[in-house]
Amino acid sequence: MKSLFRTLACVLAVLLLLMGCSSLRGCAQAEEPREDPKEALWQQLLAARPDYLLPPAPSLEVTVIDVGQGDCILLRSPEGKTMLIDAGPSDAFDSIRAALNQFGAGSLDVVIATHPHEDHIGSMAAVLDAYPVGAFYTIPEEAPTPAYAGMRAALERNGCPVQYAEAGMEIPWAESCTATVLNPIPTYADEPAELNNCSIVLRVTYGDTAVLLTGDAEELAEKRMLDTFPKSMLKADVLKLGHHGSSTSTGYSFFLAVDPDYAVASCGKDNEYGHPHLETLSLLYDTRTAFYRTDYDQTVTFRLDGTSVYVELT
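Because the structure is predicted, anything quoted here is derived from the model rather than measured. (Residues numbered from 1 in each chain as written. Predicted model: local features only at pLDDT ≥ 70, side-chain atom pairs only at ≥ 80, totals over all residues. Heavy atoms only, no water.)

1. As for the side chain of Thr294
Right, so step 1: For Thr294, the position within the fold is in helix α11 (residues 294-297).
Right, so step 2: The class of Thr294 is buried, set by a relative accessible area of 1%.
Right, so step 3: Within the local environment of Thr294, its side chain forms a polar contact with the backbone nitrogen of Cys267, the two atoms lying 2.9 Å apart.
Right, so step 4: Ignoring any residue separated from it by four or fewer positions in sequence, one finds Thr294 in contact with Val64, Ile65, Asp66, Ala265, Ser266 and Cys267. (Helix = DSSP H or I, 4+ residues; strand = E, 2+ residues; numbered from the N terminus. Buried < 20%, exposed > 50% of the residue type's maximum accessible area, 1.4 Å probe, protein only. Polar contact = N/O pair within 3.5 Å; in protein donor to acceptor, adjacent residues only side chain to side chain. Contact = heavy atoms within 4.5 Å.)

Structure, rendered in structure tokens:
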């Protein structure tokens with residue numbers, strides 16, 4: 001009888017132990033954090049990206065250089081002409097130089113500073129001092145910052161004349177490509193000349209393919225472009241998202257006019273602004289747009305051969 005009681009006691013103890021473990025598991029499961037909606041959307045966008053292919057030569061190469069939280073884009077035409085758009089923050093020069101060396105760019109035919117914010121011109125003085133520049137374009141708006149003062153001093157030091165971009169003008173660059181300025185558009189009387197919305201927006205075409213590079217242009221500038229140009233002038237296969245993928249840029253109407261197959265955001269890993277924003281990721285997901293981002297992919301190169309687009313991650 002004692003043996004039976006001991007056996008029953010053991011069985012009861014095991015059952016109580018199992019019930020306790022189950023309860024603990026339930027508590028642990030209940031305490032698990034919910035999935036971050038931004039991360040969930042990004043993982044779905046990542047899974048939907050097409051396979052990478054190498055294009056036939058020749059092609060227009062558009063390289064979005066990983067400079068952290070900032071912008072720097074190198075274009076190389078089929079005949080080897082080079083254009084650098086922006087120069088990232090102040091600590092980006094080593095990354096820019098490495099990319100230029102990789103593509104064999106010993107000089108720059110055209111350099112563009114889209115607007116004078118530090119995350120776009122922080123390393124511009126170093127670029128101007130290190131590379132011969134054929135032509136330099138920017139906007140007349142100034143900024144009371146060391147980065148802007150350094151850029152202006154480097155332009156003067158290197159004897160590089162400054163030209164101001166205006167909407168509708170074409171920038172002479174490469175015979176095979178057309179580079180058209182779509183912004184800045186003169187501000188309306190009741191609107192301030194805010195620097196982001198004064199950003200140079202450039203559409204570069206090669207054959208039947210195009211890329212749209214938007215600086216930090218936000219929805220006000222996008223509205224101006226929609227009001228000024230036919231949608232055919234905004235259409236592009238590749239869109240560099242405005243303002244690092246912020247929800248203040250890439251408005252729905254503008255995005256539909258551009259109608260890109262590919263989009264890219266230049267942003268820093270775990271940046272304090274939360275770029276790219278959830279609203280932008282949702283738009284890209286809803287429109288089934290292949291999306292790339294420098295905080296995850298590092299440097300991204302799009303190759304446009306006149307009929308198709310190919311992507312290379314380096």
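2. A word on the pairing of strand β8 (residues 201-206)
Right, so step 1: Within β8, six of the six residues are buried, which leaves it mostly tucked inside the rest of the structure.
Right, so step 2: With burial as the criterion, each face of β8 is covered, one bearing Val201, Arg203 and Thr205 and the other bearing Leu202, Val204 and Tyr206.
Right, so step 3: Pairing of strand β7 (residues 177-183) with β8 involves six bridges; the strand directions are antiparallel. Paired with Cys177 across the two strands is Tyr206, which belongs to β8. (Pairing = 2+ DSSP bridges.)

3. Re helix α3 (residues 93-102)
Right, so step 1: Phe93, Ile96, Ala99 and Leu100 are the residues of α3 that are buried. Within α3, the buried residues cover an arc of 130° as seen down the axis, which keeps them to one side. Opposite its buried face, α3 presents the exposed residues Asp94, Asn101 and Gln102, each directed more than 90 degrees away.
Right, so step 2: Count one or two residues on from α3 and you reach Gly104, which has phi positive near 70°. (Arc of directions from axis to C-beta.)

4. Observations regarding the sheet that holds strand β3 (residues 82-85)
In a beta sheet, neighbouring strands pair by backbone hydrogen bonds and run either parallel or antiparallel.
Right, so step 1: Spatially, eight strands are ordered β6-β5-β4-β3-β2-β1-β13-β14 in an open sheet, and the strand pairing comes out mixed. Looking along the sheet, the strands with just one partner apiece sit at the ends: β6 (162-164) and β14 (309-313). Across this sheet, the average inter-strand angle for adjacent strands is 20°, counted without regard to direction.
Right, so step 2: Pairing of strand β4 (residues 108-112) with strand β5 (residues 133-138) involves four bridges; the strand directions are parallel. In the strand pairing of β5, Ile112 is matched with Tyr137. (Axes fitted to C-alpha atoms, helices over the stretch in contact; angles between N-to-C directions.)

5. Some words on the side chain of Asp305
Right, so step 1: Counting through the fold element by element, Asp305 comes out in the loop between β13 (300-304) and β14.
Right, so step 2: Buried and unpaired, Asp305 has Arg303 as its nearest opposite-charge partner, separated by 11 Å.
Right, so step 3: Separated by 2.9 Å, the side chain of Asp305 and the backbone nitrogen of Thr307 make a polar contact.
Right, so step 4: Here Tyr310 takes part through its side chain, which lies 3.4 Å from a polar atom of the side chain of Asp305. (Lys, Arg positive; Asp, Glu negative; His and termini not counted. Salt bridge = Lys/Arg side-chain N within 4 Å of Asp/Glu carboxyl O.)

6. Quick look at empty space enclosed by the protein
Right, so step 1: Overall, the coordinates contain one cavity of 30 Å³ or more when judged by the stated rule.
Right, so step 2: Lining the largest cavity, in full, are Thr214, Ala217, Glu222, Leu239, Lys240, Gly242, Thr250 and Phe254.
Right, so step 3: Residue classes in the lining of the largest cavity are distributed as three nonpolar, three polar and two charged. (1 Å grid on protein atoms, 1.4 Å probe; cavity = no way out; pocket = protein on both sides within 12 Å on 5 of 7 lines; lining within 4 Å. Points joined across faces, edges and corners; volume = space filled by probe spheres on them. Nonpolar A, V, L, I, M, F, W, Y, C, P; charged D, E, K, R; others polar.)

7. Structural notes on the sheet that holds β7
Right, so step 1: Reading across the sheet, the six strands line up as β7-β8-β9-β10-β11-β12 and stay open at both edges, with mixed pairing between neighbours. Both outer strands of the open sheet, β7 and β12 (290-293), are each paired with one neighbouring strand and no more. The average undirected angle you get between the axes of adjacent strands in this sheet is 15°.
Right, so step 2: Both strand β11 (residues 262-265) and β12 contribute to a ladder of four bridges, which runs parallel. Its bridge partner lying in β12, Val264 is registered against Tyr292.

8. Some words on the pattern of salt bridges
Right, so step 1: By the definition in use, this model includes nine salt bridges.
Right, so step 2: Put simply, Asp129 and Arg157 hold a salt bridge, and the shortest N to O gap is 2.8 Å. One end of the pair, Asp129, is in helix α5 (residues 124-130); the other, Arg157, is in helix α6 (residues 146-157), with 28 residues separating them in the sequence.
Right, so step 3: Exposure remark for Asp129: the relative accessible area of 41% places this residue in the partly exposed category.

9. Let's talk about the nonpolar core
Right, so step 1: Leu75 and Phe302 are the most contacted members of the largest nonpolar core, which has 36 residues in total.
Right, so step 2: Counting residues in each nonpolar core, the second largest holds 31 residues, with Ala87, Ala99, Leu128 and Tyr148 among its members. (Core = buried A, V, L, I, M, F, W, Y, C linked by side-chain atoms within 4.5 Å.)

10. A word on the packing of helix α2 (residues 37-47) against helix α10 (residues 278-286)
The relative placement of two packed helices comes down to the angle between their axes together with the axis-to-axis distance.
Right, so step 1: As a packed pair, α2 and α10 sit with axes 10 Å apart at the nearest point and diverge in direction by 30°. In terms of axis orientation, α2 runs roughly parallel to α10. Seen along the crossing, α2 lies across α10 with a hand that is left-handed. Packed against α2, whose contacting residues are Pro37, Lys38, Leu41, Gln44 and Leu45, the element α10 presents Leu278, Leu281, Ser282, Leu284 and Tyr285 at the interface.
Right, so step 2: Here the residues of the contact of α2 with α10 are counted per class, giving seven nonpolar, two polar and one charged. (Parallel < 35°, antiparallel > 145°, perpendicular 65-115°, else oblique. Left-handed = near helix turned anticlockwise from the far one by under 90°.)

Read these as layout, nothing more, since geometry by itself doesn't imply function.
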